[in-house]
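Each chain, letter by letter, is given below.
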Amino acid sequence: MEQTTLAAPPGGLADEQAKRRGLRKMKLVALSFLAGATIVFALTSWAEAAGWTGWVGYVRAAAEAGMVGALADWFAVTALFRHPLRIPIPHTAIIPNKKDALGSSLGDFVGTNFLSEQVVRDKLGRADIARRLGEWVSQRDNAERVTSELATVVRGLVTVLRDEDVQAVLEQAIVRRIVDQPWGPPLGKLLEQVFADGAHYKLVDLVCDRAYEWVRDNHNTVLRVVSERAPSWSPKFVDAMLADRVYGEVLSFAWAVKTDVNHPMRLALDKFLGEFAQDLQKDPDTMARAELVKQQILEHPDVQRLIGSAWTTAKSMLLTAAEDPSSELRRRVRDGLVTLGERLTSEDPLRAKVDGWIEGAAAYLVTNYSREITTIITDTVERWDAEETSRKIELQVGRDLQFIRINGTVVGALAGLIIYSIAQAVF
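Quantities reported herein were computed from a predicted structural model and do not represent experimental measurements.

### Overview of the overall build of the protein
Part 1 of the reasoning: Check the secondary structure of the protein and you find 19 helices and 0 strands.
Part 2 of the reasoning: Among the 427 residues that make up the protein, the fraction classed as buried is 27%.
Part 3 of the reasoning: In the protein, 74% of the contacts between residues at least 6 apart in sequence involve partners at least 24 apart.
Part 4 of the reasoning: In the structure as shown, the protein presents an accessible area of about 28,400 Å², 63% of it carried by carbon and sulfur atoms.

### A look at the environment of Arg210
Part 1 of the reasoning: Mapped onto the elements, Arg210 comes out in helix α10 (residues 201-217).
Part 2 of the reasoning: Taking the relative accessible area as the measure of exposure, Arg210 reaches 56% and is therefore exposed.
Part 3 of the reasoning: Along the sequence, Arg210 and Ala254 sit 44 residues apart, while their C-alpha atoms lie 9.6 Å from each other.

### A closer look at the UniProt feature "transmembrane region" (unreviewed entry) in the protein
Part 1 of the reasoning: Following the UniProt record, one finds the feature "transmembrane region" (unreviewed entry) at residues 28-47 and 403-423.
Part 2 of the reasoning: The straight-line gap between the two end C-alpha atoms of residues 28-47 is 28 Å; of that span, 100% is helix and 0% is strand.
Part 3 of the reasoning: The straight-line gap between the two end C-alpha atoms of residues 403-423 is 29 Å; of that span, 100% is helix and 0% is strand.

### Let's talk about the environment of Arg383
Part 1 of the reasoning: Position of Arg383 relative to the elements: it lies in helix α18 (residues 348-383).
Part 2 of the reasoning: Separated by 284 residues in the primary sequence, Arg383 and Lys99 place their C-alpha atoms 9.9 Å from one another.

### Details of the confidence of the model for the protein
Part 1 of the reasoning: Averaged over the protein, the pLDDT score is 81; the fraction of residues at 70 or greater is 89%.
Part 2 of the reasoning: Per-element confidence in the protein is highest for helix α6 (residues 129-137), whose mean pLDDT is 91, and lowest for helix α8 (residues 163-180), whose mean pLDDT is 68.

### Description of the pattern of salt bridges
Part 1 of the reasoning: Summed over all chains, the structure comprises 21 salt bridges.
Part 2 of the reasoning: For Arg60, the salt bridge is made with Glu48, and the minimal N-O distance between the two is 3.4 Å. One end of the pair, Arg60, is in helix α2 (residues 55-81); the other, Glu48, is in helix α1 (residues 13-49), with 12 residues separating them in the sequence.
Part 3 of the reasoning: Look at Arg60 and you get partly exposed, because its relative accessible area is 25%.
Part 4 of the reasoning: Measuring nitrogen to oxygen at the nearest pair gives 2.0 Å for the salt bridge that ties Asp348 to Arg351. Placement of the pair is Asp348 and Arg351 together in helix α18, with a separation of 3 residues, close to one helical turn.
Part 5 of the reasoning: Asp348 sits in the partly exposed class, given a relative accessible area of 48%.
Part 6 of the reasoning: Beyond isolated ion pairs, a larger network of salt bridges with shared partners links Arg140, Glu328, Arg331, Arg332 and Asp335.

### Considering helix α13 (residues 264-282)
Part 1 of the reasoning: For α13, which comprises 19 residues, the first-to-last C-alpha distance of 27 Å matches the rise-based estimate of 27 Å (1.5 Å per residue) to within 8%.
Part 2 of the reasoning: Those residues of α13 not exposed but buried are Arg266, Leu273, Ala277 and Leu280. Along the long axis of α13, the arc covered by the buried residues comes to 65 degrees, so they all point the same way. Facing away from the buried surface of α13 by more than 90 degrees, the exposed residues are Pro264, Lys271 and Lys282.

### Notes on the nonpolar core
Part 1 of the reasoning: Listed in full, the 6 residues of the largest apolar core are Val110, Leu115, Val120, Leu124, Ala362 and Val366.
Part 2 of the reasoning: For this core, the secondary structure elements donating two or more residues are α5 (117-127) and α18.
Part 3 of the reasoning: Filtering out sequence-adjacent residues up to four positions away, Val366 remains in contact with Leu115, Ser116, Glu117 and Val120.

### A few points about α6
It helps to recall that an α-helix has 3.6 residues per turn; residues three or four apart then point in one direction.
Part 1 of the reasoning: All of the buried residues along α6 are Ala130, Gly134 and Val137. Taken around the axis of α6, the buried residues stretch over an arc of 80 degrees, which confines them to a single face.
Part 2 of the reasoning: In this fold, the buried residues of α6 make contact with α7 (140-160), α17 (328-346) and α18.

### Looking at the layout of surface pockets
Part 1 of the reasoning: By volume, the largest pocket amounts to about 220 Å³.
Part 2 of the reasoning: Around the largest pocket sit Val204, Val207, Cys208, Ala211, Val215, Val250, Phe253, Ala254, Val257, Met265 and Leu269, which together line it.
Part 3 of the reasoning: Top contributing element to the lining of the largest pocket by residue count: α10, with 5 residues.
Part 4 of the reasoning: Looking at the lining of the largest pocket residue by residue, the class counts come to 11 nonpolar, no polar and no charged.

### A few points about unusual backbone geometry
Part 1 of the reasoning: At Leu85, a residue that is not glycine, the phi angle is positive and equals roughly 55 degrees.
Part 2 of the reasoning: Structurally, Leu85 can be placed in the loop between α2 and α3 (94-97).
Part 3 of the reasoning: The exposure class of Leu85 is exposed, given its relative accessible area of 66%.
Part 4 of the reasoning: For Asp128, which is not glycine, the phi torsion reads 55 degrees and is therefore positive.
Part 5 of the reasoning: Mapped onto the fold, Asp128 is located in the loop between α5 and α6.

### Things to note about the side chain of Glu394
Part 1 of the reasoning: Among the secondary structure elements, Glu394 is positioned in helix α19 (residues 386-426).
Part 2 of the reasoning: If sequence neighbours within four positions are ignored, Glu394 has contacts with Leu23, Lys27, Phe81, Arg82 and Arg399.

### Overview of the packing of aromatic side chains
Part 1 of the reasoning: Tallied over the entire structure, the rule returns 5 aromatic pairs.
Part 2 of the reasoning: For the pair Tyr58 and Tyr420, a centre-to-centre distance of 5.0 Å together with 85 degrees between the ring planes defines the contact as edge-to-face. Of the two residues, Tyr58 is situated in helix α2 and Tyr420 in helix α19; the sequence distance between them amounts to 362 residues.
Part 3 of the reasoning: Ring centres 6.2 Å apart and planes at 65 degrees place the aromatic pair Tyr364 and Tyr369 in the edge-to-face group.
Part 4 of the reasoning: Grouped by ring-pair contacts, the aromatic residues Trp46, Trp52 and Trp55 constitute a single cluster.

What counts, and where the lines are drawn
Residues numbered from 1 in each chain as written. Predicted model: local features only at pLDDT ≥ 70, side-chain atom pairs only at ≥ 80, totals over all residues. Heavy atoms only, no water. Helix = DSSP H or I, 4+ residues; strand = E, 2+ residues; numbered from the N terminus. Buried < 20%, exposed > 50% of the residue type's maximum accessible area, 1.4 Å probe, protein only. Contact = heavy atoms within 4.5 Å. Areas by Shrake-Rupley, 256 points an atom, 1.4 Å probe, with all protein chains shown as cover. UniProt positions renumbered as here; feature names shortened; annotations may be inferred. pLDDT = per-residue confidence, 0-100. Salt bridge = Lys/Arg side-chain N within 4 Å of Asp/Glu carboxyl O. Expected span 1.5 Å × (residues − 1). Arc of directions from axis to C-beta. Core = buried A, V, L, I, M, F, W, Y, C linked by side-chain atoms within 4.5 Å. 1 Å grid on protein atoms, 1.4 Å probe; cavity = no way out; pocket = protein on both sides within 12 Å on 5 of 7 lines; lining within 4 Å. Points joined across faces, edges and corners; volume = space filled by probe spheres on them. Nonpolar A, V, L, I, M, F, W, Y, C, P; charged D, E, K, R; others polar. Phe/Tyr/Trp six-rings, centres within 6.5 Å; stacked < 30°, edge-to-face > 60°.

This is the structure we're talking about:
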């Protein structure tokens, strides 16, 4: 497996150098304790050889035991990270040799103690995430920040998506379903509901008003039509009288339809529309004609151009709205976030529901994907370079480990002194 080198975190070079200086300093301190014990041992050994007695033996025993303790703890600390004196003694250089096993154990530990459903639910339940989120997002500055981030995400998504791919999806998911779906029955049901509610009356009123206004304002047109259709042998003054008469009747009829809501023409129109709505749902010929009209509409060049440019238009609108902080879209999103935050803060049922969603989602993730999550740890550790990993870990904890060497020297000296004192007292 390819090994990767652990890089210093951005901005952490100075901190790493400080840790290296601290580690070297503590190593010198620990070494000085060993050196001190060695010097004392050498001096007391010389003193005993010169015939000194009494307290010299006690000091020599303490110094000797301190040396042993210092050397033993130096060996133990060094064995964690490398072979002491570069000698490949068994069970040394533990971290480089057991790196993968340590990573696997760390992954299992995290999975068992941190990624269990009970632990996650308990932690999230005490975190009160919904309330905190509501309090945070209810502040307009924070809502504006979230809106800005969402706008950035939208711009990124819209920019990344290829126009031809989106257009193909739109045509398959929307246009094709519209083409495949019969128009007659749903349109008939919609019209039936509209007619039953009387929502079409305003449209009928508008048509009647416009028809009356057209007849009123087109006197010459009516006269010309009547005159053109009169027999060639008919005298002109008779044609004019007849056209005037026809115009008056048409104008009176249009006025009656306009002003009388119960006019037979209106009632006939209502009856026709009701029958048409039923035919769209049940009459095969009417439904077939509706399908023919649908095909003609969809095949019209203008409609095809509209469909082809739908995504381009929507994309332009989205980008414009996302980039403009004062756009209606961003304003509505911002206001919606503030309102949601206020509701999360004040409404217990909504807050409990959101907390339940969060806990459920987290529990689902750890229940079904905890193994994949811990694999990130094990796989990452496996890719680390063994020697570099050892150096990095020593840099983080090595300074504290030097106190083991110092304590080993001191405790060893005390233990040696006690043992020597007991031996002198007994023997």
